[in-house]
Amino acid sequence: VKVRVRRIVRMLVLHFWVVVEHFQRTGANGTTNTDVQDGLRNDVRCLVGKDEFLMLYPNEPFHTPGSKSRHLAANSVQVLFWNELSAGRLLKGGTPHPPIMACYLNHVHNLMQEVANMEKIDKSQFPFPYN
């Protein structure tokens with residue numbers, strides 16, 4: 001159980017850094033500073049293994065700097081999917097109880113929606129209702 005819970009926590013932290021990289025590198029306000037780009041990619045690299053890195057950034061070696069990458073950022077939904085898979089494995093083991101896990105998965109779903117809302121605000125910078 002401890003290993004699976006640690007994986008879930010690692011996936012949540014990874015999701016945070018993937019979202020940060022996405023918003024720092026895309027859109028009109030995307031950074032062009034190569035040190036920042038490399039630092040953002042290193043933050044993600046510290047949390048994943050080589051196989052996970054290849055799934056996040058296909059066809060790129062593990063040590064590719066962010067500034068030399070052909071991918072601006074990874075897909076944050078993929079990380080949330082991995083998190084849901086880990087939660088399912090934890091639930092299969094019998095802990096925690098299903099209502100608690102349903103609440104957690106609902107929070108993960110809400111997180112995905114909020115990232116989509118942030119994307120709208122970041123990419124459509126003029127006033128209109130975002131809901």
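Scope of this entry: the structure provided in the associated data block.

What counts and what doesn't
- Residues numbered from 1 in each chain as written.
- Predicted model: local features only at pLDDT ≥ 70, side-chain atom pairs only at ≥ 80, totals over all residues.
- Heavy atoms only, no water.
- Helix = DSSP H or I, 4+ residues; strand = E, 2+ residues; numbered from the N terminus.
- Expected span 1.5 Å × (residues − 1).
- Buried < 20%, exposed > 50% of the residue type's maximum accessible area, 1.4 Å probe, protein only.
- Contact = heavy atoms within 4.5 Å.
- Salt bridge = Lys/Arg side-chain N within 4 Å of Asp/Glu carboxyl O.
- Core = buried A, V, L, I, M, F, W, Y, C linked by side-chain atoms within 4.5 Å.
- Axes fitted to C-alpha atoms, helices over the stretch in contact; angles between N-to-C directions.
- Parallel < 35°, antiparallel > 145°, perpendicular 65-115°, else oblique.
- Nonpolar A, V, L, I, M, F, W, Y, C, P; charged D, E, K, R; others polar.

**A look at helix 5 (residues 98-123)**
Note: α-helices contain 3.6 residues per turn, so residues at a spacing of three or four share the same orientation.
Now for step 1: When the terminal C-alpha atoms of helix 5 are compared, their 38 Å separation across 26 residues agrees well with the 38 Å that a helix rising 1.5 Å per residue should span.
Now for step 2: Among the residues of helix 5, Met101, Val108, Val115 and Asp122 are the ones counted as buried.
Now for step 3: Where helix 5 is buried, its residues contact helix 1 (2-25) and helix 4 (76-92).

**Description of the pattern of salt bridges**
Between side chains of opposite charge, pairing is possible as soon as their charged atoms come close.
Now for step 1: Taken as a whole and assessed by the stated rule, the structure comprises 7 salt bridges.
Now for step 2: Among the ionic pairs, Arg10 bridges to Glu52, the shortest N-O distance being 3.0 Å. With Arg10 in helix 1 and Glu52 in helix 3 (residues 50-56), this residue pair connects regions lying 42 residues apart in the sequence.
Now for step 3: Classification of Arg10 as partly exposed rests on a relative accessible area of 26%.
Now for step 4: Overlapping salt bridges, with partners in common, bring together Glu21, Arg41, Glu60 and Arg70 in one network.

**A look at the nonpolar core**
Now for step 1: In terms of nonpolar packing, the biggest core is built from 12 residues, these being Met11, Leu14, Val18, Val44, Val48, Phe53, Leu56, Tyr57, Phe62, Ala74, Val79 and Trp82.
Now for step 2: With 3 residues, the top contributor of residues to this core is helix 1.
Now for step 3: Those residues within four positions of Leu14 in sequence are excluded, and the remaining contacts are Val44, Leu47, Val48, Leu56, Val79 and Trp82.

**Quick notes on the packing of helix 1 against helix 4**
Now for step 1: Their axes nearest at 9 Å, the elements helix 1 and helix 4 cross at an angle of 170°. Between helix 1 and helix 4, the angle falls in the class roughly antiparallel. Contacts from Arg4, Val5, Arg7, Ile8, Met11, Leu12, Leu14, His15, Val18 and Val19 of helix 1 reach helix 4 at Ser76, Val79, Leu80, Trp82, Asn83, Ser86, Ala87, Arg89 and Leu90.
Now for step 2: Looking at side-chain class alone, the contact of helix 1 with helix 4 contains 12 nonpolar, 4 polar and 3 charged residues.

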